[in-house]
Protein chains: 2
Amino acid sequence: MPVAKAVKKAAAVRAAKRPRIGEPTAKKAAPARAQKLQNTRLAILESALSHFARRGFQGASTREIAQTAGVRHGMIRHIYGSKDELWREVIGFLFERMNAEMPAVVVNPENQDDIVYWKKWVRWYIGYSARHPDHGRLMVQQSILQGPQLEWAAEQFIRSRHLWHFPAIERMKANGHLPDVDTVSLFFMINAACQMIYVLAPEIKAVDGRDVFDPREIEKHIDAVFVTFLR
Amino acid sequence: MPVAKAVKKAAAVRAAKRPRIGEPTAKKAAPARAQKLQNTRLAILESALSHFARRGFQGASTREIAQTAGVRHGMIRHIYGSKDELWREVIGFLFERMNAEMPAVVVNPENQDDIVYWKKWVRWYIGYSARHPDHGRLMVQQSILQGPQLEWAAEQFIRSRHLWHFPAIERMKANGHLPDVDTVSLFFMINAACQMIYVLAPEIKAVDGRDVFDPREIEKHIDAVFVTFLR
DNA sequence: AACATCATTATCCACTTGGATAGCGACAAT
DNA sequence: ATTGTCGCTATCCAAGTGGATAATGATGTT
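Residues numbered from 1 in each chain as written. Chains lettered and ligands numbered in written order. Predicted model: local features only at pLDDT ≥ 70, side-chain atom pairs only at ≥ 80, totals over all residues. Heavy atoms only, no water.

Right, let's get into the protein's contact with DNA strand D. Neighbouring residues of DNA strand D: 26 residues in total, closest A:Arg33, B:Thr62, B:Arg63, B:His73 and B:Arg77. Sugar plus phosphate: this is where 56% of the atoms of DNA strand D within 4 Å of the protein reside. Taking B:His73, its side chain carries an N or O atom lying 2.9 Å from a base oxygen of DNA strand D. A distance of 3.0 Å separates a phosphate oxygen of DNA strand D from a polar atom in the side chain of B:Lys83. Where the surface near DNA strand D is concerned, the elements lending two or more residues are α1 (3-15), α2 (32-59) and α4 (74-80) of chain A together with α2 (32-59) and α3 (62-69) of chain B. (Near = heavy atom within 4 Å. Polar contact = N/O pair within 3.5 Å; in protein donor to acceptor, adjacent residues only side chain to side chain. Helix = DSSP H or I, 4+ residues; strand = E, 2+ residues; numbered from the N terminus.)

Put into C-alpha cells, the structure is as follows:
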C-alpha cells in the first residue's frame, strides 16, 4: 500500500468516534464490524489506563498494554497512531467516564443548600475515587511529568473543574461552613483528602494491613472528611 | 579477571558506607580517592531520585541517571550492582536526609505542649516538602507500584513513621485538638494536606499560574493546615 | 621507582522498545 | 457469488534497555 493512502487511512480510523460511555448504543443496531472495533478500543483504553497509572508514561509498554487488552501491539498504532496520542485518549476517556458516573444531583447544585450539596459531592467523589483509584494515579503521573502534555490536560480538563468548584468553596467559606483559608490550598486539601487514601491504598495495606476499599472503611472515611472540613 | 573475584569486588564496593548526611567529614581528612567516590555516589543518588520521582522505576533509564550525575552508566552497576538496588538506596538516602534535616525540637516532642509541638512539626514538614517535592513523588511511585519493593519500604521506613505519629494524634483527638475521626484517615489527610500541593506543583502552575514554592505562599499554606485541622 | 589498588570507562550482549509496512481474512455491499 | 473494505496481525527496523566484562590510568603504598 502506498504511503499516502496508509496515512490517510490511519487518520480516518483515529478520527472515528471513541466509545461514549452513556450513549445507549444508538440507532438501529450497529453493524457487528463497528461494534467489535468499539469493544477493542474500550479494552485498550482500560488496559492503558491501568498500565499508565501504575508505571507512568515511559514505564508502560505498548506491547504489555496490548496484551492485557487481548490484541497485538500493532493495533494500538492502527487505532491511536502513537503512544502519546493513546495517553491523551486515556485522559479524555477518564474524564468522560467520570462525568458519566456523576448523578444528576451532583452535576447540578441548583436549589440545593450549600452544605447538603457539598456533602453529596464529597460522598460521591470518595465513592468514585474508591471505585477508580487509577484516576488519581494517572493524574498524579500526568502532573509530575510536566511538559506540553500537562499544559494540554490543564487546559482541556483540569482548569474547568477547578473553576467550577471555587465559587461554591468561597461561598461556604464566607458563610463559615468551611475553614477560612486560601481557596487553592483548601481545594487541594479537600481533593487530596478524598482520593489520596485510595491512590495509596497498597501502601496502607502494606503498612497498616487495612483494606480501605471495604465499604465500612469508605463510610468511615466519608465521615472523617465531613468532620474535618465542615463547620 | 575471574568471575568470582569480580563479584567479590563489586560486593565490597556496594558494602562501603553510603554518604552520610550530617557526618562532619569525620577524622583526619579522607584520602582524595575515597572522597571522590563519595561525591560520585551522592551525585548518582540525587540524579536517581530526580529521575525515579518523575518517571517511575521502569520509566527511568540508568543511562540518563548516569548522564545527569556526570558519569557513565557502568558506574551505577559498579557501585550499586543493579537498578533495583539503586532504587532501594535512593529510598534509604531519602529518609536519611529527611532525618538529618529534622531539627531537635521536631525530633524530640518531650516536655512540649501537644499543640505547640504539632504546629512545629507541621511547619517543618511543609517546609521540607516544599524543599524536596521529589520525596513525595518518589513515595507515591513506590506506593502505587506494589510488589515486594513496597513491602520492604513499608517494613523499613514507613511503618515506624506511622506508629510514631499515631499516639500523639490520638491524644490530641482525645483532648479535642484534632477532629475526632479515624486515626488512619486523619493521618493521611494531614500528610496529604502538607505535601501533595508540592508534589503536584507543576499542575497548580499550569492550571492556576501559581508558584506554590514562593515563601509567602508556603506561609499561607501552613496557616491553611493549622486552621483546617486544629481546634 | 616499582607496584598495587580501584574509580572509572569502553564495549559488548541479549532483549525490549515504539514505530513502520505489507499483508491476511472475515465481514459487508453489490 | 464476486468484490472491496477494514479490523487485525506478522514481521521487520533502528534505537534504547539493564547488565556483564575487561581494560585504563590516576592515586596510594612499598
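There is more to say, and it comes next.
Residues and elements named next belong to chain B. In the contact formed by helix α8 (residues 133-145) and helix α9 (residues 147-174), the axes pass within 7 Å of each other and the chain directions differ by 125 degrees. It follows from the interaxial angle that α8 and α9 lie oblique. Contacts from Met139, Gln142, Ser143 and Leu145 in α8 reach Gly147, Gln149, Leu150, Ala153 and Ile158 in α9. Across the contact of α8 with α9, the residue classes tally to 5 nonpolar, 4 polar and no charged. (Axes fitted to C-alpha atoms, helices over the stretch in contact; angles between N-to-C directions. Parallel < 35°, antiparallel > 145°, perpendicular 65-115°, else oblique. Contact = heavy atoms within 4.5 Å. Nonpolar A, V, L, I, M, F, W, Y, C, P; charged D, E, K, R; others polar.)

Right, let's talk about the relation of the copies chain B and chain A for a bit. With an RMSD of 0.0 Å, the fit of chain B onto chain A corresponds to turning through 180 degrees and sliding 0.0 Å along the axis. Between the two chains, the operation in question is that of a two-fold axis. The C-alpha atom lying nearest the rotation axis in chain B is that of B:Gly59; the distance is 1.8 Å. Most of the interface of chain B is mirrored in chain A, where 100% of its interface residues again form contacts. (Least-squares fit on C-alpha atoms with pLDDT ≥ 70 in both.)

All right, on to unusual backbone geometry then. Excluding glycine, residues mostly have negative phi values, and the peptide bonds linking residues are mostly trans. We note that A:Gln146 has phi near 60 degrees; this positive angle belongs to a residue other than glycine. Checked against the element boundaries, A:Gln146 lands in the loop between α8 (133-145) and α9 (147-174). Relative accessible area serves as the criterion here: at 37%, A:Gln146 is assigned to the partly exposed category. Not every positive phi belongs to a glycine, and B:Asn111 is a case in point at roughly 65 degrees. (Buried < 20%, exposed > 50% of the residue type's maximum accessible area, 1.4 Å probe, protein only.)

Our focus in this paragraph is the interface of chain B and chain A. Each partner contributes residues to the interface: chain B has 49 residues there, and chain A has 49 residues. With both chains or domains summed, chain B and chain A bury close to 4,500 Å², and 66% of this area falls on carbon and sulfur atoms. Here chain B and chain A share 4 salt bridges between them. Two residues, A:Asp182 and B:Lys220, come together in a salt bridge whose shortest N-O distance is 3.5 Å. Between the two partners, chain B and chain A, sit 17 residue pairs in polar contact (both at pLDDT 80 or more). The set of elements that each furnish at least two residues to the side of chain B that touches chain A consists of α2, α8, α9, α10 (183-199), α11 (201-208) and α12 (215-229) of chain B. Top contributing element to the side of chain B that touches chain A by residue count: α10(B), with 9 residues. Of the residues that constitute the side of chain B that touches chain A, the class distribution is 27 nonpolar, 9 polar and 13 charged. (Buried area = accessible area lost by both parts, 1.4 Å probe. Salt bridge = Lys/Arg side-chain N within 4 Å of Asp/Glu carboxyl O.)

Residues and elements named next belong to chain A. The complete set of buried residues in helix α3 (residues 62-69) reads Ile65, Ala66 and Ala69. Each buried residue of α3 lies within a common arc of 95 degrees when the element is viewed along its axis, so the set occupies one face. Turned more than 90 degrees from where α3 packs its buried face, Arg63, Gln67 and Thr68 sit exposed. Where α3 is buried, its residues touch α2, α4 and α5 (83-100). (Arc of directions from axis to C-beta.)

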